[in-house]
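Breakdown of the fold
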Number of protein chains: 2
Amino acid sequence: MTTLEDYLEKNADRIDKVINRYFGDVHGDLFRASAHLLLAGGKRLRPVVVILAADAVRKGSSDDLIPAALALELTHNFTLIHDDIMDGDVTRRGVPTVHTVWDEPTAILAGDVLYAKAFEFICLSEADNLAKVHATKMLARTCAEICEGQSMDMAFEKRDDVSEMEYLEMVSKKTGVLYGASAAIGGMLAGATPVQADALYQFGVNSGIAFQIQDDLIDLLASTEKSGKDRASDIREGKQTLIAILAREKGIDLAPYRRSLSAEEIDGLIARLQGAGIIDTVREKAVERATIAKEALSILPDSEEKRLLGEIADYFIARGY
Amino acid sequence: MTTLEDYLEKNADRIDKVINRYFGDVHGDLFRASAHLLLAGGKRLRPVVVILAADAVRKGSSDDLIPAALALELTHNFTLIHDDIMDGDVTRRGVPTVHTVWDEPTAILAGDVLYAKAFEFICLSEADNLAKVHATKMLARTCAEICEGQSMDMAFEKRDDVSEMEYLEMVSKKTGVLYGASAAIGGMLAGATPVQADALYQFGVNSGIAFQIQDDLIDLLASTEKSGKDRASDIREGKQTLIAILAREKGIDLAPYRRSLSAEEIDGLIARLQGAGIIDTVREKAVERATIAKEALSILPDSEEKRLLGEIADYFIARGY
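How each quantity is defined
- Residues numbered from 1 in each chain as written.
- Chains lettered and ligands numbered in written order.
- Predicted model: local features only at pLDDT ≥ 70, side-chain atom pairs only at ≥ 80, totals over all residues.
- Heavy atoms only, no water.
- UniProt positions renumbered as here; feature names shortened; annotations may be inferred.
- Least-squares fit on C-alpha atoms with pLDDT ≥ 70 in both.
- Salt bridge = Lys/Arg side-chain N within 4 Å of Asp/Glu carboxyl O.
- Helix = DSSP H or I, 4+ residues; strand = E, 2+ residues; numbered from the N terminus.
- Buried < 20%, exposed > 50% of the residue type's maximum accessible area, 1.4 Å probe, protein only.
- Contact = heavy atoms within 4.5 Å.
- Buried area = accessible area lost by both parts, 1.4 Å probe.
- Polar contact = N/O pair within 3.5 Å; in protein donor to acceptor, adjacent residues only side chain to side chain.
- Nonpolar A, V, L, I, M, F, W, Y, C, P; charged D, E, K, R; others polar.
- Phe/Tyr/Trp six-rings, centres within 6.5 Å; stacked < 30°, edge-to-face > 60°.
- Expected span 1.5 Å × (residues − 1).
- Arc of directions from axis to C-beta.

The name that an unreviewed UniProt entry assigns to chain A is Polyprenyl synthetase family protein, with the source organism given as Methanoculleus caldifontis. UniProt annotates chain A under Sequence similarities (unreviewed entry) with the comment "Belongs to the FPP/GGPP synthase family." Note on chain A: under the UniProt heading Cofactor (unreviewed entry), the record states "Mg(2+)".

**With respect to the relation of the copies chain B and chain A**
Relative to chain A, chain B is turned by 180 degrees and slid 0.0 Å along the rotation axis, the superposed coordinates differing by an RMSD of 0.0 Å. On the angle and the small slide along the axis, the relation comes out as a two-fold axis. Relative to the rotation axis, the C-alpha of N129 of chain B is the closest in chain B, positioned 2.8 Å from it.

**Observations regarding the pattern of salt bridges**
Considering all chains together, one arrives at 46 salt bridges over all chains under this definition. Put simply, K117 of chain B and E120 of chain B hold a salt bridge, and the shortest N to O gap is 3.9 Å. Of this pair, K117 of chain B and E120 of chain B both sit in helix α6 (residues 104–124), three residues apart, roughly one helical turn. What makes K117 of chain B partly exposed here is its relative accessible area of 22%. Residues R159 of chain B and D161 of chain B are paired through a salt bridge, measuring 2.9 Å at the closest nitrogen-oxygen approach. When its relative accessible area of 28% is taken as the criterion, R159 of chain B is described as partly exposed. According to the relative accessible area criterion, D161 of chain B is partly exposed, its value standing at 45%. Overlapping salt bridges, with partners in common, bring together D16, R44, E73 and R93 of chain A in one network.

**What about the interface of chain B and chain A?**
Of the residues lining the interface, 33 residues belong to chain B; the matching set on chain A comes to 33 residues. Summed over both partners, the interface of chain B with chain A buries about 3,000 Å², with 77% contributed by carbon and sulfur atoms. Taken together, the connections running from chain B to chain A amount to two salt bridges. When the shortest N-O distance is used, the salt bridge between R141 of chain A and E120 of chain B registers 2.8 Å. Remark: the boundary between chain B and chain A carries eight residue pairs in polar contact (both at pLDDT 80 or more). Of all the secondary structure elements, the ones that give two or more residues to the side of chain B that touches chain A are α2 (29–36), α4 (66–87), α6 and α7 (129–156) of chain B. Here the element with the most residues in the side of chain B that touches chain A is α7 of chain B; it accounts for 15 residues. Along the lines of polarity and charge, the residues of the side of chain B that touches chain A split into 21 nonpolar, five polar and seven charged.

**Observations concerning the packing of aromatic side chains**
In the structure shown here, the tally under the stated rule is 16 aromatic pairs over all chains. Seen from their ring centres, F78 of chain A and Y115 of chain A are 4.0 Å apart, and the 20 degrees between their planes marks the pair as stacked. Here Y115 of chain A lies in helix α6 (residues 104–124) and F78 of chain A lies in helix α4 (residues 66–87), a separation of 37 residues in the sequence. Comparing F78 of chain A with Y115 of chain A, the two get one shared label, buried. Ring geometry for Y115 of chain A against Y115 of chain B: centres 4.0 Å apart, planes inclined by 35 degrees, an arrangement best described as tilted. With Y115 of chain A in helix α6 and Y115 of chain B in helix α6, this residue pair bridges two chains. An identical accessibility class is assigned to Y115 of chain A and Y115 of chain B; each is buried.

**A look at helix α14 (residues 278–296) of chain A**
All names here are of chain A. In a regular helix each residue adds 1.5 Å, so 19 residues correspond to 27 Å; α14 covers 27 Å between its end C-alpha atoms and thus fits that length. Of the residues making up α14, those classed as buried are I278, I279, V282, A286, A290, A293 and A296. Along the long axis of α14, the arc covered by the buried residues comes to 125 degrees, so they all point the same way. When the buried face of α14 is taken as reference, the exposed residues oriented beyond 90 degrees from it are E284 and E295. Turning to α14, the residues buried within the fold contact α9 (194–221), α12 (242–249), α13 (263–275) and α15 (304–318).

Below you can see the structure in the form of structure tokens.
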């Protein structure tokens, strides 16, 4: 029985090879800028979800769908390049961001190029034409929603009254829908029924939300060595995470923590949030989403790939601290 | 017999109505930013080319293809929003640009939303699924080329040795291919043969190049009242237009003109360029492109729409000064 770890590794290698074939030796500044983050690595989780969903619907179908799997990675990378400009981030995947190496105009265009390639690669898959049209439509709607999610995320930075529902809508759009589209597109191109495609979409969206909630926990709880980020950076920056929202609802004022914090202060804050039950509640909400994700898969016939999809949902909330 | 003027006006109204239906009353800052330039008007030339090409291939087919016609206008508008950020332009179609009314992050996202909608609307047309897949692929390739064209245009600003061939590649990508895609996509969705679709593409690309060369002439020769722009702004900014390239090849140094110019100085420069035969040569090159465009149409059966397409190519080089 393949372990998820082995499967992820094998398929990341497979996607890396395709990325190298298409983007490893491109000419001109613009295309090099487009390829920059792609070539910097990544876990290729969205392509793996495409592949697993396809094979869960029809064993072996994913061999024809590698271009579609790549399309979802290109979409993800296009959003990263544009987000990094908007957020002014200078490092990503251990390399300087595109607008830092080149400039903002080139980074805008580099993202736009990947955006186009994503749609091209969906169409380059071997699949039924109607399925490709549906997949294109879904990718298009998903991209518009991701933009909305990023827009909400930026707007939240200027607010301190974001509700849990608003937070969930934001992370659903910013992170969930692309996992939803990955699973649904993989399934649709493999010949899924509408009901199966919808179940796969629900699987993906809820897994993505679980992933994002877990990210909030990791930011607060994981050691810097483990997460690669400063501990409690979200709290220092006053981000409206689920932790911050629930803390506010319990009357815990995080405003005094919007500054450089010592390890002791962070530990003290964690103890306070734990005492109020907030960490446990947030963890339960992540588990709940992963459970909904796995339940959505129940209508699919049992298979190795269905099992691995379920394990991905669990893996998203087991990532470490 | 319908005149081109009447036809353009009637169809611009038709597209305006569809734009108003979809974008006239959108909610949220992001979607309002996306709709901003679209609602500021425009001649809707690309949608009209989609409609004419469709009807030239199969009379009456355009009624099912209005979403695709809109898709080409959305693509155009997405590139305008992003270009305005890169070029730092503050006015467009008589209104402040998107990043001026909102901010750069919102403008990047607003362009990205229209980009997604363009692909969605291609798929919303009533047409054969294989044709839609081909249309999607063509739109995707076209978008990547437009990015390349804009990238070349920006790179040219730092050079003074751009060749005529490089110039033609740049305008072909920046302006030509979207007209090419408009004509070919209209044709393909209406059931064009590959040869017809290719002819329509050639028609569009060459019309677009003619359009751009004419734009260079208008910038130099048209009165400010007529063009809405400062006269000779390209020369003042040292842009590598076809006029500037041919002037350099004839040994006319435009560098001393990269400054605020009086009307007399501009008139003197025009006389000098005319004396060297440059204005006539540039004009001939525009005429040549329009001729190639019209010749490409010859394989289509005669029809009112074929005639109007030909007239569009002529109209592009008759636009005024």
